[in-house]
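Geometric and topological summary
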Amino acid sequence: MIKKFLDEFKEFALKGNVMDLAIGVIIGGAFSGLVTSLLDNIISPIIGCFSVGGFKGLSFTLWKARLNYGAFLNDIVNFVVMAFVVFLLMKAINKLIELGKKKEEEKEEEEAAADVALLTEIRDLLLAGANEETLAKIEAAKAAAEEKAE
């Protein structure tokens, strides 16, 4: 019973989708570190030129509570940067998928054009009269079309 459970878990864990998800989470974590570094080391110091301490230094006191709204603004900028980069990444992936589909459609159109030409030729030969010579020409045309397709 435990062996069956472990086998099922192994099958689930090693499926392509689960492995893809795990890789995505790892890469996402690394990417998050990159964006945080970009904000902390480049964007926040530039903003710091206009305010003391950048975003993280922005806060105010309400009664006895200190509200660090600068950290919240920093997280908003972090989110916007990450969302923008993910948008650009998805746009690039969609463009690659679209290019792949166009190539497949062009190939299908070429194959369809070759099939139409072959069928037209067969029709013309049949209209000319179906004798042994005509049938031989049809077979030759089929063989040529098959070679072209390969």
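The preceding data block contains the structure.
The notes below deal with the structure included here. As the structure is a prediction and not an experimental result, all values here were calculated from the model.

The next point concerns the overall build of the chain. Scanning the chain from terminus to terminus reveals four helices and two strands. Looking at the 150 residues of the chain, the share that counts as buried comes to 11%. Considering only intrachain contacts with a sequence separation of at least 6, the fraction spanning at least 24 residues in the chain is 31%. When the accessible surface of the chain is split by element, carbon and sulfur atoms take 67% of a total near 12,500 Å².

Moving on, we get to the pattern of salt bridges. Should their charged atoms come close, side chains of opposite charge can pair. Per the counting criterion, the structure on display carries one salt bridge. Residue Asp-7 is joined to Lys-3 by a salt bridge in which the shortest nitrogen-to-oxygen separation is 3.9 Å. On the criterion of helical spacing, the pair formed by Asp-7 and Lys-3 is a turn pair, its members being four residues apart in helix 1 (residues 2-13).

A word on unusual backbone geometry. Of note, the phi angle at Trp-63 is positive, near 55°, even though the residue is not glycine. Within the secondary structure, Trp-63 sits in the loop between strand 1 (60-62) and strand 2 (65-67). Trp-63 sits in the exposed class, given a relative accessible area of 77%.

Time to look at a nonpolar patch on the surface. On the surface, a cluster of nonpolar side chains totalling about 550 Å² of accessible area is made up of Phe-60, Leu-62, Trp-63, Leu-67 and Tyr-69. Relative to the assigned elements, Phe-60 resides in strand 1.

Rules of the game
- Residues numbered from 1 in each chain as written.
- Predicted model: local features only at pLDDT ≥ 70, side-chain atom pairs only at ≥ 80, totals over all residues.
- Heavy atoms only, no water.
- Helix = DSSP H or I, 4+ residues; strand = E, 2+ residues; numbered from the N terminus.
- Buried < 20%, exposed > 50% of the residue type's maximum accessible area, 1.4 Å probe, protein only.
- Contact = heavy atoms within 4.5 Å.
- Areas by Shrake-Rupley, 256 points an atom, 1.4 Å probe, with all protein chains shown as cover.
- Salt bridge = Lys/Arg side-chain N within 4 Å of Asp/Glu carboxyl O.
- Patch = residues over 30% accessible without salt bridge, like charges linked within 9 Å, V, L, I, M, F, W, Y side chains within 5 Å.

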